[in-house]
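Residue strings, one per chain:
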Amino acid sequence: IFAAFVVIAFTGNFELFTKYISLIFLWVLAHNFVALGSGFITGKLFKLPLADVKTITIETGIQNSGLGLVLIFTYFDGLGGMAIITAWWGIWHLISGMTIASLWKSKT
């Protein structure tokens, strides 16, 4: 369902995406890395088991971009800029979350 929301927002605003991706790309990337790092560090600071550290890292790093898209389309008439940021946010979260999960799966 989450992937469907992202695909719908992305395809409906592809022109805006190509126009503004250079402005939002690094912001979304930095935000995600800070969130992933915060989750990881929090788990380690509290000396949680590795499985819990992994869970907190992914849950903190992969925020609710699907919820953001629903809110934007429901209450803000799909404002292009907001939808583009949230769509890229969702795409990047899928990429980073799956990458981290795959790396951790191969190491355990």
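The structure contained in this document is the topic of the report that follows. Please read all numbers here as calculations on a predicted model, not as lab measurements.

### A few points about unusual backbone geometry
Consideration 1: Phi at Lys 47 is positive, roughly 55°, even though this residue is not glycine.
Consideration 2: On the secondary structure map, Lys 47 appears in the loop between helix 2 (14–45) and helix 3 (50–61).
Consideration 3: On the basis of relative accessible area, Lys 47 is assigned to the exposed category, the value being 74%.

### Section: the nonpolar core
The nonpolar side chains of soluble globular proteins are, as a tendency, buried together.
Consideration 1: Phe 17, Ile 21, Ile 24, Val 28, Leu 29, Ile 84, Trp 88, Ile 91 and Trp 92 form the largest nonpolar core, which has nine residues in total.
Consideration 2: At the level of elements, helix 2 and helix 5 (80–107) are the ones that each hand at least two residues to this core.
Consideration 3: It is helix 2 that contributes the most residues to this core, five residues altogether.
Consideration 4: Excluding its chain neighbours within four sequence positions, the residues that come into contact with Ile 24 are Ile 84, Ile 85 and Trp 88.

### Some details on helix 2
Consideration 1: Its axis deflected by about 70° at Ile 21, helix 2 carries its strongest bend there.
Consideration 2: Taken as a whole, helix 2 has its buried residues at Phe 17, Ile 21, Ile 24, Val 28, Leu 29, Asn 32, Ala 35, Leu 36, Gly 39 and Gly 43.

### Comments concerning helix 3
Consideration 1: In a regular helix each residue adds 1.5 Å, so twelve residues correspond to 16 Å; helix 3 covers 16 Å between its end C-alpha atoms and thus fits that length.
Consideration 2: For helix 3, every residue scored as buried is listed here: Val 53, Lys 54, Thr 57 and Gly 61. Angular distribution of buried residues about the axis of helix 3 spans 100°; they occupy a single face of the element. When the buried face of helix 3 is taken as reference, the exposed residues oriented beyond 90 degrees from it are Ala 51 and Glu 59.

Reading the values: the criteria
Residues numbered from 1 in each chain as written. Predicted model: local features only at pLDDT ≥ 70, side-chain atom pairs only at ≥ 80, totals over all residues. Heavy atoms only, no water. Helix = DSSP H or I, 4+ residues; strand = E, 2+ residues; numbered from the N terminus. Buried < 20%, exposed > 50% of the residue type's maximum accessible area, 1.4 Å probe, protein only. Core = buried A, V, L, I, M, F, W, Y, C linked by side-chain atoms within 4.5 Å. Contact = heavy atoms within 4.5 Å. Bend = angle between axes of the 7 residues up to and from the residue. Expected span 1.5 Å × (residues − 1). Arc of directions from axis to C-beta.

These results come straight from atomic positions and should not be treated as a statement about function.
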